[in-house]
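Working through the structure, step by step
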Amino acid sequence: MSERLDVRKTYKLVINGAFVRSESGRSYEVRNAAGEFWANVAQGSRKDVRDAVKAARAAQAGWWTATAYNRGQVLFRLAEMAEARREELSQHVAAAEGVGGADAHASVARGIDRIVWYAGWTDKVAQVLGGANPVAGPFFNFSLPVPSGVVGVLAPQDSSFEGFVDTVLAPLAVGNAVVVATSETRPTPGLLLGEMSATSDFPAGVLNVISGLTRELAPTLASHEDVDGLDLEGAGDDHDELAAAAAASIKRVRRAGAGDYAASSTSRLRSFVETSTVWHTIGR
Amino acid sequence: MTENHLATSHLGAFDYDPAPESASIARLRDAYGLFIDGDFTDAASHASFASVNPATGADLANVAQANSPDVDRAVAAARHAYDTVWSKTTGAQRAKYLFRIARLIQERSRELAVVETLDNGKPIRESRDIDVPLAAAHFFYYAGWADKLEHAGYGANPRPVGVAGQIIPWNFPLLMAAWKLAPALAAGNTCVLKPAETTPLSALILAEILQQAELPAGVVNILTGDGATGAALVEHPGVDKIAFTGSTEVGRLIQRRVAGSAKRLTLELGGKGANIVFDDAPIDEMIEGIIDGIFFNQGHVCCAGSRLLVQETIADEVLRRLVRRVEQLRVGDPLDKNTDVGAINSAAQLAKITELVAAGEAEGATRYSSSCELPSAGYWFAPTVFANVSSSHRIAREEIFGPVLSVLTFRTPDEAVAKANDTNYGLACGVWSEKGSRTLWVAERLRAGVIWANTYNRFDPTSPFGGVRESGFGREGGRHGLEAYLDV
């Protein structure tokens, strides 16, 4: 009796709501922490990044003008989807990070809880970061937090799920569209989350996930004129160079941090938020 | 009135066929116990009473009558749950329970809408599209706060108050339960909730939902009963906080009862909301807004726009169009999806409305009531508009809590503000004008907790709601709604 052959999966990019191979036709081998073959993964190109930015730009206004309640429902749906695929995510985290099953499960659980945390933020950011300003005159003056727009994220290289969730969900929660370059060597948990986003009512283009070589993808994100913000968490050695490239279009830049992806601080939420202030006259 | 009759016969050609929702969706049981410590149990006295469908007068189900011993049990269960479980449950865990409850309300929304309409008499369109979705949204919103309390502006580590006693009215039974429970649980309190005597059923479905969500026993206890049950809860020494929504008369009694104790108190009471219409307002939207402001939920709304203040220059036209619009309202079977105005909630409320309307006529105001045919069984009142009302009339001063609008006029913005504030209440007002600067000028001067501009009766979990003056104190909804349940 012949043994059943398993069906092996090709991991594709998520661009504009579609699962695509890289336009370059390239893929690369991802190995687990022990150095064994784990998966073939699409190797995104500069052109893929540009396509993703275009899709993100087109999607961002709709994502922001949807109600905050609706955005929260979509993010919570993502948590529900991830919860249903915890086992699979844990296997990928264990393979990618070389941690034991229990640690991988715990890490995935924290990551999912983090999605829930951000789901709760969508309709509270304005109440925490915004407010009325008592100007000295007959004016009603108030400030609202609004999204920066399109945010490029270099996901952490080490924390394949928790770190990916934290860096991606924060800009999404406040109404940005995101183009994320996954960890170069540990891309599959992020790609899986990208897959789940397709069944969580995310409008196409709001979350674009690209795997590949960070040194190829990052400079395009950093220098792209239509990217408004850049999270350099996974930038590695090129960090400062990328930060300098972002200056050309005055991007908001978040520098790599200490790797705390469960902080109770709103720091990451505030990274890609602008303050919009409205003055309105008061008078009979 | 000739024109009205013409309008009616013309519309008759376009009459709707009945489109009733099925009452069987409610799946009501014959009898419900008290929900104490996670289980449904009999009242100690075994006493019970029937909850009645106000649209037919028929009994819907029997519910237990809680008395003092039951209040003791419920408060003890809440205290025990607070000490042993809930105060040790992390914010993130509390959030997950609340998200579960929100999801379950969404999943059982059709059933809840039908139960609410059967028990309350409100149109299914409202219970389906407003009460139930808003209740779910409230749990969603406060779920998100449970693990973010340090960001709410009340300090680094805000603590809960303890055991909350919560007494809610009959006009939005499920929604008021959500307004009370969601922030209390998010902040880490345990609860004893008393639904209104005439509308206990949706709270009991909610108790089933709490069981489905596996909320730890005793965290929420639900006691059906009458005013005496509420009084026992208010006076119970084991309760740290009382939250009451209802009449100003009862609110005053409660405030007196808790005076001298360390109990915290929030009150959301009556209102006599002024809906102020300037002559530059967009008239079609404004007429719909006035109609919605007073006839939404049969006018059983504490923030109803029950006093219309119209600028004199457009008063005749506004009145003419209002009377015509009132004639078009569809009054009848609350389960019919086309119904605009349903049943009055109880015989007592109908008697109160009838008495105040008679006083309006006796005091010389001009009455226009819809000529709609009212069902013979149950409690009904035809939508009514009073013109030529003066500020001293009872129908301009007292809360009618029914489908009755009093129309007054004004000439200048100053006069509008003065008339709007000429009340002991201060819950909500509306301002209709295309001129934003004037709307804000008026809003600054209105003594009311909520002011709607070019809209009315809007509710959202993120938006604080509550009154000033004799409409009560404390806010429900939004970041502000957490304060009542935090020891800050």
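Calculation notes
Residues numbered from 1 in each chain as written. Chains lettered and ligands numbered in written order. Predicted model: local features only at pLDDT ≥ 70, side-chain atom pairs only at ≥ 80, totals over all residues. Helix = DSSP H or I, 4+ residues; strand = E, 2+ residues; numbered from the N terminus. Rg over C-alpha atoms; globule rule 2.2 N^0.38 Å. Contact = placed C-beta atoms within 7 Å. Buried ≥ 20, exposed ≤ 12 C-beta atoms within 10 Å, placed from the backbone. Pairing = 2+ DSSP bridges. Axes fitted to C-alpha atoms, helices over the stretch in contact; angles between N-to-C directions. Parallel < 35°, antiparallel > 145°, perpendicular 65-115°, else oblique. Left-handed = near helix turned anticlockwise from the far one by under 90°. Nonpolar A, V, L, I, M, F, W, Y, C, P; charged D, E, K, R; others polar. Core = buried A, V, L, I, M, F, W, Y, C linked by C-beta atoms within 7 Å. Expected span 1.5 Å × (residues − 1). Arc of directions from axis to C-beta. pLDDT = per-residue confidence, 0-100. Right-handed = clockwise from strand over helix to strand, strands pointing away.

1. So, the overall build of chain B
Helices and strands together make up the secondary structure of chain B, namely 15 helices and 18 strands. Taken over C-alpha atoms, the radius of gyration comes to 22 Å for chain B, in line with the 23 Å a tight globule of 488 residues would show. Each principal axis of the C-alpha distribution contributes one length, and for chain B these read about 70 × 45 × 35 Å. Expressed as a percentage of contacts within chain B between residues at least 6 apart in sequence, the contacts between residues at least 24 apart total 73%.

2. Some remarks on the overall build of chain A
The number of helices and strands found in chain A is ten helices and 13 strands. Projected onto its principal axes, the C-alpha coordinates of chain A cover approximately 90 × 35 × 35 Å. Here chain A, with 284 residues, has 51% of them falling under the buried criterion.

3. Considering the sheet that holds strand β4 (residues 27-31) of chain A
The three strands lie next to each other as β1-β5-β4 (chain A), forming an open sheet whose pairing is mixed. A single partner strand is all that each edge strand has here, and the edge strands are β1 (10-11) and β4 of chain A.

4. Quick notes on the environment of Q212 of chain B
Note that Q212 of chain B resides in helix α7 (residues 201-212). Taking the C-alpha atoms as reference, Q212 of chain B lies 35 Å from P18 of chain B; in sequence the two are 194 residues apart.

5. With respect to the packing of helix α8 (residues 214-223) of chain A against helix α9 (residues 239-246) of chain A
Residue and element names in this part refer to chain A. Across the interface, α8 lies against α9 with an axial gap of 7 Å and an inter-helix angle of 30°. Here α8 lies roughly parallel to α9, going by the angle between them. The handedness of the crossing between α8 and α9 comes out as right-handed. Where α8 approaches α9, its residues A218, P219, A222 and S223 are matched on the opposing element by L242, A245 and A246. In terms of residue class, the contact of α8 with α9 is made up of six nonpolar, one polar and no charged.

6. A few points about the nonpolar core
If you look at the biggest cluster of nonpolar residues, it comprises 244 residues, and the most contacted ones within it are L75 and I115 of chain A together with L98 and F139 of chain B. The contacts of L98 of chain B, once residues within four sequence positions are left out, are F139, Y142, A143, A146, A182, L185 and A186 of chain B.

7. Comments concerning the sheet that holds strand β4 (residues 48-52) of chain B
Residues and elements named next belong to chain B. Here we have three strands laid out as an open sheet, ordered β1-β5-β4, and mixed in their pairing. The open sheet has two free edges, formed respectively by β1 (31-32) and β4, since each of these has just one partner strand. Judged from the two bridges that link them, β1 and strand β5 (residues 59-64) form a sheet pairing that is parallel. Counted as the bridge partner of A31 is N62 from β5.

8. Looking at the interface of chain B and chain A
Tallying the contact residues gives 23 residues for chain B and 21 residues for chain A. Within the residue set of the side of chain B that touches chain A, elements represented by two or more residues are α3 (91-107), α5 (124-146) and α15 (436-445) of chain B.

9. What to know about the packing of helix α4 (residues 109-120) of chain B against α7 of chain B
Residues and elements named next belong to chain B. Closest axis-to-axis distance for the α4/α7 pair is 8 Å, and the angle between their directions is 155°. The pairing of α4 with α7 is recorded here as roughly antiparallel in orientation. Across from E111, L112, V115, E116 and D119 in α4, the residues of α7 making contact are L201, S202 and I205. Tallied by class, the residues present in the contact of α4 with α7 amount to four nonpolar, one polar and three charged.

10. Quick notes on helix α12 (residues 347-362) of chain B
Residues and elements named next belong to chain B. The terminal C-alpha atoms of α12, which comprises 16 residues, lie 22 Å apart, in line with the 22 Å expected from a rise of 1.5 Å per residue. Of the positions making up α12, those classed as buried are Q349, I353, V357 and G360. Each buried residue of α12 sits inside an arc of 65° when the element is viewed along its axis, so together they form one side. Opposite the packed face of α12, turned more than 90 degrees from it, sit the exposed residues A348, A351 and A362. Downstream of α12 by one or two residues, G364 has phi in the positive range, about 105°.

11. Considering the environment of G57 of chain B
All names here are of chain B. Along the chain, G57 falls in the loop between β4 and β5. Between the C-alpha atoms of G57 and A347, which are 290 residues apart in sequence, the distance is 9.5 Å. With near-sequence residues (within four places) excluded, G57 lies in contact with V52, A377 and G378.

12. Here's the deal with α9 of chain A
Residue and element names in this part refer to chain A. Burial in α9 covers these residues: L242, A245 and A246. Each buried residue of α9 sits inside an arc of 100° when the element is viewed along its axis, so together they form one side. Of the residues in α9, the exposed ones pointing more than 90 degrees away from the buried face are D240 and A244. Buried positions along α9 lie against α8, β11 (229-231) and β12 (252-254).

13. Re the confidence of the model for chain B
Chain-level pLDDT for chain B is 96 on average; 97% of the residues reach the 70-or-more range. Within the model, the stretch residues 1-10 of chain B combines pLDDT values under 50 with seven contacts to residues more than four positions away or in other chains.

14. Section: the pairing of strand β10 (residues 207-210) of chain A
Residue and element names in this part refer to chain A. Because side chains alternate across β10, one face comprises the buried residues L207 and V209, and the other comprises N208 and I210, equally buried. For strand β9 (residues 177-181) and β10, the ladder comprises four bridges, and the chain directions are parallel. When the sheet's bridge partners are listed, V179 is paired in β10 with N208. Between the parallel pair β9 and β10, the chain is carried across by helix α7 (residues 188-197), and the sense of this crossover is right-handed.

15. Section: the environment of D39 of chain B
Assignment of secondary structure puts D39 of chain B in strand β3 (residues 39-41). With 288 residues separating them along the chain, D39 of chain B and E327 of chain B place their C-alpha atoms 48 Å apart.

16. So, the pairing of strand β16 (residues 428-432) of chain B
Residues and elements named next belong to chain B. The buried count for β16 comes to five of five residues, which makes it a mostly enclosed element. As paired strands, β16 and strand β17 (residues 450-453) are joined by four bridges and run parallel to one another. Counterpart to G430 in the pairing with β17 is W452.

17. A short note on unusual backbone geometry
Residues and elements named next belong to chain B. Despite not being glycine, N297 shows a phi value in the positive range, around 55°. One non-glycine residue with positive phi stands out, namely Q298, at about 60°. Tracing the sequence through the fold places Q298 in the loop between α10 (283-295) and β12 (307-311). In this structure Q298 comes out as buried when scored by C-beta crowding, with 33 C-beta atoms within 10 Å.

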